[in-house]
Structures are given as C-alpha cells and as structure tokens.
Amino acid sequence: MQKIRIGTRESRLAIVQAELVAEYIRCSCKGKEPKLVAMKTTGDRILERTLDQVGGKGLFVKELEHSLREGSCDIAVHSLKDVPMETTEDLPLLGVSAREDARDVLVLPKDTAILNSSLPLGTSSPRRVIQLRKLFPQMEIKSVRGNILTRLDKLDRGEYSALVLAAAGLKRLGLEERISRYFSVEEMLPAAGQGILAVQGRAGEDYGYLRGFFNENISFCVQAERSFVRTLNGGCSLPVAAYAVIDSKGILHLSGMYAEENSLQYQRYSISGRKEDAEILGKKLAEEVL
C-alpha cells in the first residue's frame, strides 16, 4: 500500500478540505492510502496585523510548499484563493476541485436577528471592504483575523455587529445555520478562486491517480479569474475580484472588479467567450481595465 501524504494547514476548515481529497483517494485509488500532514503556517501565526502588512496570502502556503520540496508530503491542498497568482515551475498546481458556493455571506452573533449598526462589521479583505462601503455606507468596517471558528468567537463575544465570510467555508464546516444573509455576486463579487480547492505537487511526478478529483470546467473558470487578477498585478492589498461561470453552450462569462489602492470607488467589467480561451479572456478584460 502506497502512502500519499497530504500537506494541509492545521485549521479545522483546512483539515476538512484536505479530507475531501483523502476520501477520494481512499475510494477511487486502489493501492494508495492517504495520510494528512497538518502544519501551522506563517499566515496562521501572525494575527495582530492585516495580511497585506505581512506579505499577503502567500503566507498560508509557504510552509506547505517547503514540505513538498523537502519531501515530507506528496501533495498539498489549498483554498485556491490563498494561492499566489504566480506559482513556481517546480511546484505546479495539479488541478482544482468542483466549486462550492462562491458567494460571500453575512453572519450575525448567535441569537441575533438585527444588525447592530453601533458595532463594526468584521472582514480582513480589501475586496470586501470596498464593496461593503457601498452596501453599508454608515457602518464602521474593522479588520478581523484568525480562522473561521476564532472569528465566530470574537463575533459572539460582542466585538463585531457581524462578519462577512465565504459561504463555502461555513458550509464545509457544517455551520450553514450561522448564515444570516447571502450576498448575490451582483452585490459582492467573490475573490478569484473562492470556493475552490487546489492540489499542488512536484514537477515531474505522476499524479494521474488524482485525475477524477479534478473538474475541467472549473479549471477554465480558474484560468480566466486568475489571468484577470495576475494581469492587473493584483495582490492581497488591492481590491480585486473575479468570478467566472460557464453556460450550457460552453461560453465562459467573466466578471471582474477593480479599484485603485486607497480609492473608495470601484468599477465592474465583464467579458464572454469560448471557455477554451479562458486565459486570453481574463487578460483581455484586465487590459480593458488598465
């Protein structure tokens, strides 16, 4: 029996997400036995500052990539939106999962039905902040760090009026009942890759056993979304969003949002075309923005 060591962050959500890959291997890959290798990343340790102050979302993958290079794990599972737009040739993204609900949601404190406007809204995302200013112009918006359970604890202790989180994470944790309101993608455009898992491995190795876990249509959506953000040179500190869907005729529809740094205004853009041209469509839409 060949052991497949799966690198993951040690948060409860990351473990649940890595377990989705492990379960696929158990059920579909004869002769292979998955084993999770959990670790705390730099992004998990530094909580007193916002991500853009300490190096961006790449801090969530740094240690996992190191473990791949040194051989202590065979693959690593990430939330795709945490993966930098530029990846290294020696550690390629092998593929992506089907997409969970991509929307953002509003979460109120336990046993609360009304938003308390005297307390701040909690989010650590510049993309969310700028869109929330339009939706809730009178409310203070305050940074909140930590994993989902830590953030919910801060919310329930009365530090925030509400949190804005990704629906996907709450659903994967079995916390869907905490969702008070879903924001439509027209109200709040998601981050590129939101709701999608990415599997990373080492160049030159055979990962054919994972083929059935990957989703081809979502991979086209990912190409378009990440191409848009990458062309804009968008990082954690810039309010950038991208969301693509593919219709029944194979046409990819990409929406993008961009704001200048320190600006309170943002613009939305869209483009459609063949899904096979996903990379080109993302780049073309970004060039239109620029």
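Our subject is the structure listed above.
In this report, the structure presented in the accompanying data block is examined. (Residues numbered from 1 in each chain as written. Predicted model: local features only at pLDDT ≥ 70, side-chain atom pairs only at ≥ 80, totals over all residues. Heavy atoms only, no water.)

### A few points about the overall build of the chain
Each helix and strand in the chain was counted, giving 9 helices and 13 strands. The C-alpha radius of gyration of the chain comes to 19 Å, within 12% of the 19 Å expected for a compact globule of 290 residues. Projected onto its principal axes, the C-alpha coordinates of the chain cover approximately 60 × 45 × 35 Å. Counting across all 290 residues of the chain, residues that qualify as buried make up 54%. Of the contacts formed within the chain by residues at least 6 apart in sequence, a portion of 68% connects residues at least 24 apart. Distance between charge centroids for the chain: 2 Å, based on 41 positive and 39 negative side chains. (Helix = DSSP H or I, 4+ residues; strand = E, 2+ residues; numbered from the N terminus. Rg over C-alpha atoms; globule rule 2.2 N^0.38 Å. Buried < 20%, exposed > 50% of the residue type's maximum accessible area, 1.4 Å probe, protein only. Contact = heavy atoms within 4.5 Å. Lys, Arg positive; Asp, Glu negative; His and termini not counted. Charge placed at Lys NZ, Arg CZ, Asp CG, Glu CD.)

### Regarding the environment of threonine 8
Relative to the assigned elements, threonine 8 resides in strand 1 (residues 2–9). For threonine 8, a relative accessible area of 0% corresponds to the buried category. Remark: the alpha-carbon pair of threonine 8 and alanine 18, spanning 10 residues in sequence, is separated by 6.4 Å. Excluding residues that lie within four positions of it along the chain, threonine 8 makes contacts with Ala14, Ile15, Ala18, Val37, Ala38, Met39, Leu64 and Val77.

### Quick word on the sheet that holds strand 4 (residues 93–96)
Strand order in the open sheet formed by 5 strands is 2-1-3-10-4, with mixed pairing between adjacent strands. Strands at the two margins of the open sheet, each flanked by one partner only, are strand 2 (32–39) and strand 4. Neighbour-to-neighbour, the strand axes of this sheet turn through a mean angle of 25 degrees, independent of strand direction. Judged from the 8 bridges that link them, strand 1 and strand 2 form a sheet pairing that is parallel. Bridged to glycine 7 within strand 2 is valine 37. Contacts from helix 4 (residues 62–70) reach strand 1, strand 2, strand 3 (75–79) and strand 10 (197–200) within the one sheet, and its direction differs from that of strand 3 by about 165 degrees. (Pairing = 2+ DSSP bridges. Axes fitted to C-alpha atoms, helices over the stretch in contact; angles between N-to-C directions.)

### Here's the deal with the pattern of salt bridges
Enumeration over the complete set of coordinates arrives at 20 salt bridges. Here aspartate 74 and arginine 202 are joined by a salt bridge, their closest N and O atoms 3.5 Å apart. Linking aspartate 74 in the loop between helix 4 and strand 3 with arginine 202 in the loop between strand 10 and helix 8 (216–231), this pair joins segments that are 128 residues apart in sequence. Owing to a relative accessible area of 16%, arginine 202 belongs among the buried residues under this scheme. (Salt bridge = Lys/Arg side-chain N within 4 Å of Asp/Glu carboxyl O.)

### Section: the state of the cysteines
A covalent bond between the sulfur atoms of two cysteines is what we call a disulfide. Here the structure, examined in full by the defined rule, presents 0 disulfides. Cysteine cysteine 27 remains unbridged, with the sulfur of cysteine 29 as its closest cysteine sulfur at 9.3 Å. In this structure cysteine 27 comes out as exposed when scored by relative accessible area, which is 60%. (Disulfide = S-S within 2.5 Å.)

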